[in-house]
Amino acid sequence: MSLKYPELFKPFNIGKCKIKNRIVMSPMHLAGRMNDNGTLSDEAIDYYEERAKGGAGLIITGGNVPDCDIELSPLIHTAFKHPDAFLSQTKKLADKVHAYDTKLFVQIGMGSGRVMFPEAMDKSMNNTPVAPSAIPNRWNPSLVCRETTVEEHQRAVEALIKAAALIKQSGADGIDLAGIYGGYFTDQYATKVFNLRKDEYGFEQNGQIKMLIDTIKGIKAVCGENFPISVRVTPKHYMKAIGQGALPGEDFEEVGRDINETIELTKRIAESGADAILIGNGSYDSFYWLYPPMYQKDGLWLEDAKKIHDAVDIPVICPGKIVTPDLANNAIKSGMIDAVALGRAMLSDAEWANKAKEGNDDEIRPCIGCETGCIGRIFVGQPLTCAVNPGLFHEKSEPITPALIKKSVAIIGGGVAGMEAARVAKMRGHNVALYEKTDKLGGAIVAAAVPDFKDADRRLLEWYKRSLEKLGVNVHLNSNMDLEKINLLQADEIVVAAGATPRIPPIKGLDREKAVTAIDVLLGKKEVGKNCVIIGGGQVGCEVAVWLKEKDKNVTVVEMLGELMAGGVEQIPIPNRLMMIDMVAYNNVQVKLNSRVESIEDKAVKLITADGIETIEADTVIISAGFSSNDTLYNAINEELPVKIWNIGDSKIPTNIQYAVRDGYAIGKSI
Ligand SMILES: Cc1cc2nc3c(=O)[nH]c(=O)nc-3n(C[C@H](O)[C@H](O)[C@H](O)COP(=O)(O)O)c2cc1C
Ligand code: SF4
């Protein structure tokens, strides 16, 4: 027997610290999952322990700010203000992960600077963010930042060194410094357009990483040469203007920091004593590079990471949609990087590393880049979750356990909610049969997964199919169920996961043959002509628009609101939304905002826009105006059958995938 992915399981060193394999957990802030004083909660410790048990070689915690009052927010609590509590909780974590021979680094960094959300600022800041120079705030350019003082830089360095000393005392194995990463505070010094200073910290004075170098040297002096430091570095910002990212493949001039500049800075960082580099492309101005959504390709940072790897002698570790062990193994084997880091892939599956080791990579539950649970939540002040892993943070405290009484469970509907309910109920030992009215599993995700840029959805669907097959769930396709048929099943409990149907708005002429739903177009049930008008500029409408442009159609999107992808039950996560809006523009999709379709004519569509009535040519009108729940079956059987009946997912209320999976998991666990 030999390893399927041998490169991943060769040990490597960060300084003198030996890591048992090449799989690192990328730092992810645990918003809403920490104690109120900023220390690790027991829930957070359990979460990290599960990832250590899952085989990660090194865990880097989410970011922490030191005890320094340059920038204050009621939302950010520094654990270093409470040294005793910090030490006891971090010690607890170090002990837990060390039991699995996993190493622990704690990330520290100085905060946001110009990218601070105005609503997150403490009152004492008088609505004035701080930054290297008096530059506009990223989110509200009318707010001009206050330029930091030299004394503040010295205080920041001291606070970081003090935090590092506590981290070492806690028994953690090392530190990750946020460094020149992601457009955050210290990265702004190393970005020409944001650092206009004329003093020793100035860009033109070559002082752009002075604070960072002082910190590295200071930590080494206090914690010892052998206490390892990795530094997070952004090779390239992918900014085509301030506040504007550039799409992959787009021809643009870099306004942020470009790769050659970063190579030189990284050499200086390595010379100053750093023991490893953790890559992270993008910035708050190019959000969809920093937190890459589903529309970005897998391993999108690897090529830039390789250029850094070629320039320095210390290990280079790279995250960024490294979703499969195959990609990870090849990236190391081909000499692009020394180790991979996994962020969201470790939210969606704690056992990623063990499954890769055993060659069971088809069992890894894939992250789909939806960001509805992670980035989409933490940036609106809600606790971190994962759309496809509802057990996140409860994997240890509330595992899936065998049911005491085995029941026969009938699940009606084979979309994500139904498949998740079937998976969990079957894992618990129930006798599960799933009835799907079409000829395939997947429900709404079948259509959603059609565009080439939705490969993550296809991967999730395949994972569900394999999981149900391996578990031995009885799947009955082409089974259109009604009250009579369901009654005959004599099931102990029934789960209705009948999904949703496209909503058809009351528009004159919609009965014409050229009016079709977006779902039918995606599924290939309806052909479209050369000129397409899409009614509805939500996520589905925009994705269909870009997909049809790739097929060389002329596409116009008509949206009632003043912005694309702005409606819906829940806000679409910022990186996904910004990227899709840019894709719409880049692909020359015509967009009519604040407009509605008045009527569908023979060869055209009549619109009412803010400027009056407009007629546009249309061979096909594609309806993408939201969904209505298919709750008729549930209502019919619930009033008739004397058994427990659950209505879950879109057939209860159409929302996003996160709620479908959540419902299926909860019901599967409770039966
Ligand atoms: C919820 C969340 C929180 C994050 N918090 C941090 C953080 O505190 N520090 C940091 O350096 N990166 C942070 N990141 C970025 C990740 O470390 C990683 O670079 C990014 O998610 C891309 O890698 P992935 O595709 O493997 O997730 C965060 C990412 C997510 C999804
Ligand atoms: S919420 Fe979506 S993007 Fe975030 S980790 Fe889960 S699957 Fe991945």
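1. Things to note about the site of ligand 1
If you check the shell around ligand 1, you find 21 residues, and the closest are Pro27, Gln107, Arg232, Lys321 and Arg344. Here an oxygen atom of ligand 1 and a backbone polar atom of proline 27 are 2.6 Å apart. Within the backbone of glycine 63, one N or O atom sits 2.9 Å away from an oxygen atom of ligand 1. A total of 600 Å² of accessible area belongs to ligand 1 in isolation, and the protein chains cover 95% of it. Elements represented by at least two residues in the shell around ligand 1 include exactly strand S4 (58–64) and helix H12 (375–378). A class-by-class count of the residues in the shell around ligand 1 yields 11 nonpolar, 7 polar and 3 charged.

2. Some details on the packing of helix H13 (residues 416–427) against helix H15 (residues 455–471)
Each packed pair of helices is defined by two parameters, the angle between the axes and the distance between the axes. It is the contact of H13 with H15, at a shortest axis distance of 10 Å, that shows an interaxial angle of 30 degrees. Crossing hand, H13 versus H15: left-handed. When H13 is examined against H15, the residues Val416, Met419, Glu420, Ala422, Arg423, Lys426 and Met427 are found in contact with a partner set consisting of Leu461, Trp463, Tyr464, Ser467, Leu468 and Leu471. A breakdown of the residues in the contact of H13 with H15 according to their chemical character gives 9 nonpolar, 1 polar and 3 charged.

3. Observations concerning the site of ligand 2
Around ligand 2 sit Arg344, Leu347, Cys367, Ile368, Gly369, Cys370, Glu371, Gly373, Cys374, Cys386, Ala387 and Val388, and that is every residue in its neighbourhood. Grouping the amino acids of the shell around ligand 2 by side-chain chemistry returns 8 nonpolar, 2 polar and 2 charged.

4. Description of the pairing of strand S18 (residues 493–496)
On S18, burial covers both faces: Glu493 and Val495 on one face and Ile494 and Val496 on the other are all buried. Across 4 bridges, strand S15 (residues 408–412) lies against S18 in parallel orientation. Its bridge partner lying in S18, isoleucine 412 is registered against valine 496. Two elements, S18 and strand S29 (residues 644–647), share 4 bridges in a ladder whose sense is parallel. In the sheet register, isoleucine 494 faces S29, and the bridge partner there is isoleucine 645.

5. Describing the pattern of salt bridges
Tallied over the full model, the rule gives 46 salt bridges. Between glutamate 151 and arginine 155 there is a salt bridge, with the nearest N and O atoms lying 2.8 Å from each other. One end of the pair, glutamate 151, and the other, arginine 155, are both in helix H3 (residues 150–169), 4 residues apart, so they sit about a helical turn from each other. Among the residues examined, glutamate 151 registers a relative accessible area of 42% and is labelled partly exposed.

6. Quick word on the pairing of strand S5 (residues 103–108)
Counting buried residues in S5 gives 6 out of 6 residues, a clear majority hidden from the surface. Neither face of S5 is open: one carries Lys103, Phe105 and Gln107, the other Leu104, Val106 and Ile108, and all of them are buried. One ladder, built from 5 bridges, connects S4 with S5; its direction is parallel. Bridge pairing in S5 links leucine 58 to lysine 103. Handedness of the crossover joining S4 and S5 through helix H2 (residues 83–98) is recorded here as right-handed. Examined bridge by bridge, S5 and strand S8 (residues 174–180) share 4 bridges and lie parallel to one another.

7. Focus: the side chain of threonine 186
Structurally, threonine 186 can be placed in helix H4 (residues 185–189). Classification of threonine 186 as buried rests on a relative accessible area of 14%. Separated by 2.7 Å, the side chain of threonine 186 and the backbone oxygen of glycine 179 make a polar contact.

8. Focus: the domain arrangement of the protein
The assigned domain composition of the protein is domain 1 (6–378), domain 2 (408–502 + 628–670) and domain 3 (515–625). The straight-line distance from the C-alpha centre of domain 1 to that of domain 2 is 39 Å. Taken together, the contact pairs 15 residues of domain 1 with 15 residues of domain 2. Taken together, the two surfaces of domain 1 and domain 2 that pack against each other cover about 1,300 Å², and 55% of this comes from carbon and sulfur. On the surface where domain 1 and domain 2 come into contact, there are 7 residue pairs in polar contact (both at pLDDT 80 or more).

9. Observations regarding the sheet that holds S5
The strand order S3-S4-S5-S8-S9-S12-S13-S14 describes a closed barrel built from 8 strands, whose pairing is parallel. Here the strands of the sheet are splayed against their neighbours by 30 degrees on average, with no regard to which way each runs. Note: strand S13 (residues 316–318) against strand S14 (residues 339–342), 2 bridges, orientation parallel. In the strand pairing of S14, isoleucine 317 is matched with alanine 339. Packed onto the sheet, helix H8 (residues 302–311) meets strand S12 (276–279) and S13 and runs at close to 175 degrees relative to S13.

10. A look at the packing of aromatic side chains
Evaluation of the coordinates by the stated rule reveals 20 aromatic pairs. Seen in terms of ring centroids, tyrosine 238 and phenylalanine 252 are 6.3 Å apart; in terms of plane orientation they differ by 40 degrees. Their pairing is tilted. Pair noted here: tyrosine 238 is in the loop between strand S9 (229–233) and strand S10 (239–241) and phenylalanine 252 is in the loop between strand S11 (244–245) and helix H6 (259–271), with a separation of 14 residues, a long-range link. Relative to tyrosine 291, the ring of phenylalanine 287 lies with its centre 5.5 Å away and its plane at 90 degrees, an arrangement referred to as edge-to-face. Among the residues examined, tyrosine 291 registers a relative accessible area of 16% and is labelled buried. Through a chain of ring-to-ring contacts, the aromatic side chains of Phe117, Trp139, Tyr181, Tyr184, Tyr284, Phe287, Tyr291 and Phe379 assemble into a single cluster. A cation sits over an aromatic face here: lysine 357 above phenylalanine 9, 5.7 Å from the ring centre.

11. Digging into the sheet that holds S18
What holds strands together in a sheet is hydrogen bonding between their backbones, with the strands either parallel or antiparallel. Strand order in the open sheet made by the 5 strands is S17-S16-S15-S18-S29, with parallel pairing throughout. Both edges of this open sheet fall to strand S17 (474–476) and S29, since each of them pairs with a single strand only. The mean angle between the axes of side-by-side strands here comes to 15 degrees, regardless of whether they run parallel or antiparallel.

12. Here's the deal with H15
Counting along an α-helix, one turn takes 3.6 residues, and residues three or four places apart therefore face a common direction. Here H15 contains 17 residues, and its C-alpha end-to-end distance of 24 Å stays within 8% of the 24 Å for a straight helix at 1.5 Å per residue. Turning to H15, its buried residues are Ala456, Asp457, Leu460, Leu461, Trp463, Tyr464, Ser467 and Leu468. Angular distribution of buried residues about the axis of H15 spans 155 degrees; they occupy a single face of the element. The exposed residues of H15 that point more than 90 degrees off its buried face are Glu469 and Lys470. Residues of H15 that are buried sit in contact with H13, strand S16 (431–435), helix H14 (444–448), S17 and helix H21 (657–670). At the exit of H15 stands glycine 472, carrying a positive phi of roughly 85 degrees.

Parameters at a glance
Residues numbered from 1 in each chain as written. Chains lettered and ligands numbered in written order. Predicted model: local features only at pLDDT ≥ 70, side-chain atom pairs only at ≥ 80, totals over all residues. Heavy atoms only, no water. Near = heavy atom within 4 Å. Polar contact = N/O pair within 3.5 Å; in protein donor to acceptor, adjacent residues only side chain to side chain. Areas by Shrake-Rupley, 256 points an atom, 1.4 Å probe, with all protein chains shown as cover. Helix = DSSP H or I, 4+ residues; strand = E, 2+ residues; numbered from the N terminus. Nonpolar A, V, L, I, M, F, W, Y, C, P; charged D, E, K, R; others polar. Axes fitted to C-alpha atoms, helices over the stretch in contact; angles between N-to-C directions. Left-handed = near helix turned anticlockwise from the far one by under 90°. Contact = heavy atoms within 4.5 Å. Buried < 20%, exposed > 50% of the residue type's maximum accessible area, 1.4 Å probe, protein only. Pairing = 2+ DSSP bridges. Salt bridge = Lys/Arg side-chain N within 4 Å of Asp/Glu carboxyl O. Right-handed = clockwise from strand over helix to strand, strands pointing away. Domains from an automatic or database assignment. Buried area = accessible area lost by both parts, 1.4 Å probe. Phe/Tyr/Trp six-rings, centres within 6.5 Å; stacked < 30°, edge-to-face > 60°. Lys NZ or Arg CZ within 6 Å of the ring centre and 35° of its normal. Expected span 1.5 Å × (residues − 1). Arc of directions from axis to C-beta.

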